[in-house]
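Residues per chain are reported as follows:
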Amino acid sequence: MDQLVTLNRRELLKSTTGLLMGWVVAGSPLALIAPGRAWAVDLTAFTSSEGAALLSMARTIAPHDKLDDAAYALVIQSVDGDASKDANTLKMFKEGLASIGTSFAASSESERVEALEKIESSAFFQTMRVKILQVLYSNPIAYAYFGYEGEAFSKGGYLRRGFNNLRWLPEVPTEDSGPLPAGA
Amino acid sequence: MARIAFQDESAVVIIGSGAGGGTLAHELTRRGIQVVVLEAGKRQSTETFSQVPGEAFLQLTWLDARTQSGDWGVAKNFPTLPAWHCKTVGGTTVHWTAATPRFEPWELRAKSTYGNIPGTSLIDWPISYQELKTYYILAERRLGVTRRDGVPGLPASNNFKVMYAGAKKLGYKRVHTGHMAINSRAQDGRGMCIQQGFCVQGCKMGAKWSTLYTEIPRAEMTGNLDLRIECMATRIEHATNGRVNAVVYRDGQGREQRQKARIVCIAGNGIETPRLLLLSDSSKFPQGLANSAGQVGRNYCHQIIGFAWGIFDKPVHSWRGATLAGVIEDEVKNDPSRGFVGGYRMELCTLDLPTFPLVGLPYGWGRDFASIMENYRNIAGMLINGEDMPRAENRITLNRDVKDAFGLPVANVHVDEHPNDQAMRKHAQAQMSRVYEAIGAKRVVLGPTPPATHNTCSARMSADPREGVTNAWGQTHDIPNLFISDGSAMTTAGAPNPTLTIVALALRQAEYISREMKTHKI
Ligand SMILES: Cc1cc2nc3c(=O)[nH]c(=O)nc-3n(C[C@H](O)[C@H](O)[C@H](O)COP(=O)(O)OP(=O)(O)OC[C@H]3O[C@@H](n4cnc5c(N)ncnc54)[C@H](O)[C@@H]3O)c2cc1C
Ligand code: SF4
């Protein structure tokens with residue numbers, strides 16, 4: 001979680017253009033990893049309201065109602081980083097944001113979906129969509145939320161941690177399966 | 001480790017250290033032959049494999065530019081990544097999931113079995129099953145393949161229990177945890193599989209066979225191997241008599257080097273192998289090396305591959321356990337009444353959370369997409385692995401408009417699907433759906449065709465020199481001391497995952513090369 005709490009704080013020396021922030025929601029999967037913490041993402045390419053619009057866009061493209069805003073903020077942090085490094089990307093995002101309008105974040109989900117359907121073929125939309133796929137599901141907040149346990153080598157694999165604990169279907173006969181190593 | 005001088009004309013130079021190149025290097029060096037292996041990638045180890053999926057991908061994958069064209073799904077869904085293989089010592093045997101089935105005898109007689117299929121360039125293999133079988137047995141022992149030669153199968157995982165129950169409901173008979181080059185018990189100085197399911201990220205147990213920690217260190221131990229990492233072969237040179245005599249490459253500092261050679265063997269995976277032949281054109285061979293019949297790069301096969309995900313209302317935790325350890329083999333038959341020739345396997349599959357939406361799911365967003373993701377815990381998975389039809393125009397060519405870091409034209413991969421490919425995929429998707437529906441799946445999601453992992457047949461073996469690039473030993477028809485030592489030399493793709501066959505052919509080729517060297521034929 002340090003990833004989030006210190007989220008590009010070291011970049012603070014640069015002039016920040018905006019800020020996304022929030023509190024970790026009690027009882028959310030994130031609370032298990034970062035109890036009682038506030039999080040903040042400094043933006044260096046986008047204003048706070050542009051950041052909020054992008055966050056709302058991410059929530060519309062991949063709507064996981066109970067997934068903490070902090071996970072979506074990681075996506076925004078990543079596109080903010082890209083946009084601050086490359087003028088063409090920044091331009092594309094600024095134009096894209098203009099095309100969805102200033103009231104985007106405040107409108108209803110069906111209105112947001114409608115607005116996005118109109119720009120679905122744009123580079124702006126597709127860049128955001130791919131970025132969401134790359135970032136939203138590859139961080140500890142998402143792992144906790146979706147129940148994914150990730151790397152297990154450090155814990156001895158899943159051999160003794162449930163690789164075959166499914167009980168709602170019959171067991172596979174030995175001839176089509178294989179022996180469990182001793183102790184498993 | 002041996003140090004072979006640049007001017008030394010006595011060595012065999014092998015390009016690539018994966019399934020084909022790594023195996024060949026071990027087999028030649030243990031027979032006392034001096035070998036230089038040029039490997040474009042870096043060297044990792046079980047200690048350095050990253051356990052972060054995205055990082056592991058960047059650590060191991062071949063990401064140099066390529067282009068593609070044609071109507072296959074990969075061009076649409078993964079425009080910048082036509083193929084997925086490694087650039088690292090050990091090649092794609094670091095990434096692979098280690099399913100190791102054999103060809104069926106009738107699959108090797110592809111043209112005779114399937115007949116005249118319009119729009120294909122089918123031929124029979126120049127090797128009989130009887131002949132290949134000898135080397136399959138050797139390869140299976142070498143790799144420690146499960147359910148062969150007394151090696152026990154891997155235990156069933158949760159994901160396999162789902163596949164098994166559905167398959168049995170449909171009446172399928174040949175369903176088991178697969179022939180896998182994964183240790184179901186410690187053997188070969190390597191540990192046993194602990195079911196951690198990170199096979200694609202590099203197996204930190206070394207339970208999964210990879211040339212990185214088997215064939216290559218053993219070749220090094222003979223004292224006859226000079227392995228040069230981060231060395232990218234860019235051109236093969238020949239003498240006036242038409243024999244090849246040197247390999248030009250860029251070393252880790254980008255400097256051009258030239259290694260003299262008695263014999264050159266190319267094992268750069270099915271795209272880079274033909275690319276290197278094409279890059280090596282000269283006034284004597286204006287179409288590139290070994291290309292007098294115009295066959296280099298043609299007949300490229302990639303197999304029919306695609307995911308099916310069954311969503312259940314109870315947890316599966318599919319990521320726990322060896323990624324591909326499970327198979328339904330009943331559809332490996334030639335039964336044209338299904339609407340296509342050739343066969344396919346249904347193989348167990350799972351993708352880690354970060355990779356799942358990127359590679360495993362069809363294009364989508366919004367509530368429907370999110371609802372699939374929300375069910376990640378409850379998803380069981382498998383994929384089709386089936387024979388695709390060779391076509392003369394499905395080919396690797398040089399794209400002179402796009403250059404790599406050394407200013408050389410990149411490979412273009414062109415694939416137009418044959419109607420047989422489409423009919424097979426449709427049949428397999430229906431069967432995979434039925435497997436999951438038979439045991440109460442709430443929904444089945446069919447995934448896209450991922451970037452090609454099985455790149456083969458692009459410099460194929462043929463009895464008739466006009467129909468392929470090499471003879472039955474992978475020796476090019478045109479140049480006796482130039483060999484193809486990877487999946488590029490396969491004649492057809494068949495339904496099995498290719499690597500066991502690549503290893504078997506490399507074992508056989510090594511015997512041939514050492515025999516021919518002894519008698520000074522090459
Ligand atoms: C995710 C994944 C899962 C797979 N699972 C299976 C499976 O379950 N079963 C199966 O049978 N197969 C599987 N495969 C395929 C298998 O990995 C390949 O069939 C096999 O590794 C191919 O062997 P090869 O020798 O042709 O090439 P590779 O093993 O890819 O080795 C080629 C090497 O050559 C190097 N190289 C290329 N060009 C040059 C050059 N010009 N100079 C120097 N070096 C060069 C590359 O860097 C690479 O290291 C899988 C592949 C992937 C990506
Ligand atoms: S599941 Fe087995 S083979 Fe795969 S990475 Fe883990 S230990 Fe290795």
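Predicted model, so just to flag it, every value in this text is computed and none were measured.

A. Structural view of the confidence of the model for chain B. All names here are of chain B. With 100% of its residues at a pLDDT of at least 70, chain B reaches an overall mean of 97. Across chain B, the secondary-structure element scoring lowest on mean pLDDT is helix α2 (residues 53-60), at 90, and the one scoring highest is strand β17 (residues 482-484), at 99. Per the prediction output, this complex has pTM 0.95; the corresponding ipTM is 0.92.

B. Summary view of empty space enclosed by the protein. For the structure shown, the criterion picks out seven cavities of 30 Å³ or more. Approximately 100 Å³ is the volume found for the largest cavity.

C. How the structure looks around the site of ligand 1. Residues and elements named next belong to chain B. Taken together, 37 residues surround ligand 1, and among them Glu39, Thr92, Thr97, Asn269 and Thr499 come closest. Interatomic distance of 3.0 Å between a backbone N/O atom of Ala40 and a nitrogen atom of ligand 1. Calculation on ligand 1 without its partners gives an accessible area of 1,000 Å², and the protein chains cover 97% of this total. The class makeup of the residues in the shell around ligand 1 is 17 nonpolar, 16 polar and four charged.

D. Representation of the packing of aromatic side chains within the structure. Using the criterion set out here, one finds 24 aromatic pairs over all chains in the structure. An angle of 90° between the planes, with centres 5.5 Å apart, marks the rings of A:Phe93 and A:Phe124 as edge-to-face. Here the residue A:Phe93 occupies a position in helix α5 (residues 87-100), and A:Phe124 occupies one in helix α7 (residues 123-135), the gap between them amounting to 31 residues. Their ring planes at 85° and their centres at 4.9 Å tell us that B:Trp309 and B:Phe356 sit as a pair that is edge-to-face. On the criterion of sequence distance, the pair formed by B:Trp309 in strand β10 (residues 304-311) and B:Phe356 in helix α10 (residues 355-360) is long-range, its members being 47 residues apart. Residue classification places B:Trp309 among the buried residues on the basis of a relative accessible area of 1%. Note on B:Phe356: relative accessible area 1%, which makes it buried. Seen from the ring of B:Trp62, B:Lys87 lies directly overhead, with NZ or CZ sitting 5.0 Å from the centre.

E. Quick look at the nonpolar core. Among the nonpolar cores identified, the biggest contains 165 residues, and A:Leu54, A:Met57, A:Met128, B:Ile236 and B:Leu482 are the most heavily contacted of them. Here the element with the most residues in this core is helix α13 (residues 499-518) of chain B; it accounts for ten residues. In contact with A:Met128, not counting residues within four places along its chain, are A:Leu54, A:Met57, A:Ala58, A:Ile61, A:Ile76, A:Val79 and A:Phe93. One finds B:Tyr164, B:Phe312, B:Val316 and B:Val444 within the second-largest nonpolar core, a separate group that totals 32 residues.

F. Geometry of the sheet that holds strand β4 (residues 175-176) of chain B. All names here are of chain B. What the six strands build is an open sheet, ordered β4-β11-β12-β13-β10-β16; its pairing is antiparallel. In the strand order of this sheet, the two ends are held by β4 and β16 (443-446), each with one partner. Of the strand pairs in this sheet, strand β11 (residues 327-328) and strand β12 (residues 344-348) are connected by two bridges, and their pairing is antiparallel. Considered in β12, the bridge of Ile328 is made with Met346.

Each value, and the rule that gives it
- Residues numbered from 1 in each chain as written.
- Chains lettered and ligands numbered in written order.
- Predicted model: local features only at pLDDT ≥ 70, side-chain atom pairs only at ≥ 80, totals over all residues.
- Heavy atoms only, no water.
- pLDDT = per-residue confidence, 0-100.
- Helix = DSSP H or I, 4+ residues; strand = E, 2+ residues; numbered from the N terminus.
- 1 Å grid on protein atoms, 1.4 Å probe; cavity = no way out; pocket = protein on both sides within 12 Å on 5 of 7 lines; lining within 4 Å.
- Points joined across faces, edges and corners; volume = space filled by probe spheres on them.
- Near = heavy atom within 4 Å.
- Polar contact = N/O pair within 3.5 Å; in protein donor to acceptor, adjacent residues only side chain to side chain.
- Areas by Shrake-Rupley, 256 points an atom, 1.4 Å probe, with all protein chains shown as cover.
- Nonpolar A, V, L, I, M, F, W, Y, C, P; charged D, E, K, R; others polar.
- Phe/Tyr/Trp six-rings, centres within 6.5 Å; stacked < 30°, edge-to-face > 60°.
- Buried < 20%, exposed > 50% of the residue type's maximum accessible area, 1.4 Å probe, protein only.
- Lys NZ or Arg CZ within 6 Å of the ring centre and 35° of its normal.
- Core = buried A, V, L, I, M, F, W, Y, C linked by side-chain atoms within 4.5 Å.
- Contact = heavy atoms within 4.5 Å.
- Pairing = 2+ DSSP bridges.

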